[in-house]
Amino acid sequence: MSETTTTFAPGRVEILGNHTDYNLGFVLSAAIHLGVTIEASRLSEEILEISSETNQRSISIELSNLRPLTEDAWANYPVGVIKVLLASGFRLSGMRLNISSDLPLGAGLSSSAALEVATALAAKALFDLEFEKMRLAQLCQKAENEFVGVQSGLLDQASSVFGKSHQLILLDFLNVTVETVSLPANASLLLLNSGVPHQLTGGEYNERRKQCMLAAKSLGIKSLRDATLAQLESVPLDEVTRRRAIHVVGESDRVLQGVQALRSNRLQAFGDLMFASHVSSQINFENSTSYLDVLVDLARKTPGVFGSRLTGGGFGGSTVSLIQAGYANEIVRTISLEYHKMTGANCSAILTEPSEGARILS
Ligand code: GLA
C-alpha cells in the first residue's frame, strides 16, 4: 500500500463501430494523448475528499454515505467508482483525490470515463486492490450506469484502459476481448470539436439503447450481434427500429472490414468505411447534428483526408478524421474557415496519435 499515488487515464476516440458496444458488437478505437490526472493520498478519516482544478470546486463526503450529488454533479463519477468498489467488496478507507485534466469537456472524448478510470486506478494503488484491467473497466462502467444513470456500454472505459501507442484497439464486446491493429505511420487522427457540446445525460442515448434492445427482442435474439442485414430486411419491424438495427449491424460489419483494410494498408478503403459510418448515423441512427454533418462534408472535399465521421455517442461533440500525416495544418485551416462561414460556429482541432492507456505515474 502506498500513502500517495498519481494516476493518469486518457480520453478515447471511437474510430469505427458506433453504438455497437452495448449491442455486443465490435469497435475500433484508440486512447488519445490527453486525459485526466489524479493526485491521490490516503486519509485517516473515513471520508472521500475530491477537488477539481478544472472548476476550482471541492467536496467532502463520508464513505458510509456515498450518494449522487446534485450541485456538484461533476464529482459523481469518482464518488460512483468508490461506491461501486466498496459495494463489490473491495476494502478501502478514506482518501483525497485532486483532479486535473487537459481533456475538453463535452467534446465526446470520454472525459467522464477517463475520470472514472483514473479514480479506480488511484484506489487500486493506494489500497493494493486486486483486479484485472477488464474488471477495472467494468467496475467503472457500473458506476456510470448505476450511479450517474447513463446506460453506456463498455467502450469508453475499455479504450481508456487498453489504449496502445501507434495501435488501434479492436474490442469484441461479446467475448469481452481486446486485440491491437497497427495504424500505418503515414496516417494521423484529427479530432474536430463542433463546438456544440454533447450531453450524454440527455435522454437520447438511453432511448437509442432501448430501441436496439427492442429490435433484438423482436428478432428473437439476445443482442444485435447475432443479427444480419438480410434478416433485418425480412422480419416485420417498425421503420425506426429497423433503421436503428441496420446502423448497429452495419457498423459491426464495417469494423471487421476496416481491420482487413488496415492490415493490408488500404487507408482510402478504411476512410470510405468511416464516411459510410457517418451516413448511417445520419440516416439510420439519427444521432448526428447539422454541425457534425458540415464538418464531415467539408472533410470529404479536403485533400489529405481519407475518411471522417462523428465519434462517440453523437448528438453533438466531435468528428474524427483519418488523415495523411503532415497534412494537418492545411486541413484544419481549410475546414475551420469554411465551417465558420457556413455555420457561424467555431470548431477546435486536436491532432492526436493512438496513445498508451491508463497508468500509474508515481
Ligand atoms: C458513448 C458511450 C459508449 C458508446 C458510444 C457510442 O461514448 O459512452 O458506451 O456506446 O457512445 O458508440
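Right above here is the structure, for reference.
Cut-offs used in this document
Residues numbered from 1 in each chain as written. Predicted model: local features only at pLDDT ≥ 70, side-chain atom pairs only at ≥ 80, totals over all residues. Heavy atoms only, no water. Buried < 20%, exposed > 50% of the residue type's maximum accessible area, 1.4 Å probe, protein only. Helix = DSSP H or I, 4+ residues; strand = E, 2+ residues; numbered from the N terminus. Pairing = 2+ DSSP bridges. Axes fitted to C-alpha atoms, helices over the stretch in contact; angles between N-to-C directions. Parallel < 35°, antiparallel > 145°, perpendicular 65-115°, else oblique. Left-handed = near helix turned anticlockwise from the far one by under 90°. Contact = heavy atoms within 4.5 Å. Nonpolar A, V, L, I, M, F, W, Y, C, P; charged D, E, K, R; others polar. 1 Å grid on protein atoms, 1.4 Å probe; cavity = no way out; pocket = protein on both sides within 12 Å on 5 of 7 lines; lining within 4 Å. Points joined across faces, edges and corners; volume = space filled by probe spheres on them. Domains from an automatic or database assignment. Core = buried A, V, L, I, M, F, W, Y, C linked by side-chain atoms within 4.5 Å. Near = heavy atom within 4 Å. Polar contact = N/O pair within 3.5 Å; in protein donor to acceptor, adjacent residues only side chain to side chain. Areas by Shrake-Rupley, 256 points an atom, 1.4 Å probe, with all protein chains shown as cover. Sits in = over half its atoms within 2 Å of the grid points. Expected span 1.5 Å × (residues − 1).

Visitor: Give a description of the pairing of strand β9 (residues 305–310) that names residues and reports values.
Guide: Most of β9 sits out of view: 6 of its 6 residues are buried. The sheet contact formed by β9 and strand β10 (residues 318–324) spans 5 bridges and is antiparallel. When the bridges of β10 are listed, Ser308 appears paired with Ser321.

Visitor: Explain the packing of helix α9 (residues 290–301) against helix α10 (residues 328–343) residue by residue, including any values.
Guide: One can describe the packing of α9 onto α10 by two numbers: an axis separation of 10 Å at closest approach and a directional angle of 140 degrees. By the angle between their directions, the pair α9 and α10 is classed as oblique. For the crossing formed where α9 meets α10, the hand is right-handed. Seen from α9, the contacting residues are Tyr291, Val294, Leu295, Leu298 and Ala299; seen from α10, they are Ile335, Glu338, Tyr339, Met342 and Thr343. Residues of the contact of α9 with α10, tallied by class, amount to 8 nonpolar, 1 polar and 1 charged.

Visitor: Any details on empty space enclosed by the protein? Residues and values, ideally.
Guide: Tallied over the full model, the rule gives 1 cavity of 30 Å³ or more. For the largest cavity, the lining is made up of 14 residues, of which Asp21, Leu155, Asp156, Tyr205 and Gly313 are closest to its centre. Of all elements in the fold, only β1 (4–16) and α4 (155–162) reach the threshold of two or more residues within the lining of the largest cavity. A breakdown of the residues in the lining of the largest cavity according to their chemical character gives 3 nonpolar, 7 polar and 4 charged. Per-domain counts for the lining of the largest cavity show at least three residues from each of domain 1 (4–180) and domain 2 (183–352).

Visitor: Which residues make up the nonpolar core, and what values go with them?
Guide: Ranked by internal contacts, the top residues of the largest apolar core, which has 83 residues, are Leu28, Leu48 and Leu85. Here the element with the most residues in this core is helix α2 (residues 111–127); it accounts for 10 residues. Ranked by size, the runner-up nonpolar core spans 18 residues in total, among them Cys212, Leu237, Val248 and Phe285.

Visitor: If you had to explain unusual backbone geometry to someone new, which residues and values would you point to?
Guide: The phi angle at His166 is positive, at roughly 65 degrees, despite the residue not being glycine. Structurally, the position occupied by His166 is in the loop between α4 and β6 (167–172). The exposure class of His166 is exposed, given its relative accessible area of 53%. For Val176, which is not glycine, the phi dihedral falls at a positive 50 degrees.

Visitor: Before we move on, can you summarise the site of the ligand with the specific residues and values?
Guide: Every one of the 15 residues lining the ligand counts as a neighbour, but Glu14, His19, Asp21, Asp156 and Tyr205 are closest to it. Residue His19 places a main-chain N or O atom 2.7 Å away from an oxygen atom belonging to the ligand. At a separation of 2.9 Å, an oxygen atom of the ligand approaches a polar backbone atom of Gly153. Computed on the free molecule, the ligand has an accessible area of 300 Å², of which 99% lies beneath the protein chains in the complex. At a threshold of 2 Å from the grid points, most atoms of the ligand map onto the largest cavity. Residue assignment for the shell around the ligand shows that the elements contributing at least two residues are β1 and α4. Considering only residue class, the shell around the ligand consists of 4 nonpolar, 7 polar and 4 charged.

Visitor: Give me the lowdown on α2, citing residues and values where you can.
Guide: Note that an α-helix has 3.6 residues per turn; residues three or four places apart therefore point the same way. Along its 17 residues, α2 runs 24 Å from first to last C-alpha, staying within 8% of the 24 Å computed at 1.5 Å per residue. For α2, the buried fraction is high: 16 of the 17 residues fall into the buried class. Asp128, located one to two residues past α2, shows a positive phi value of around 50 degrees.

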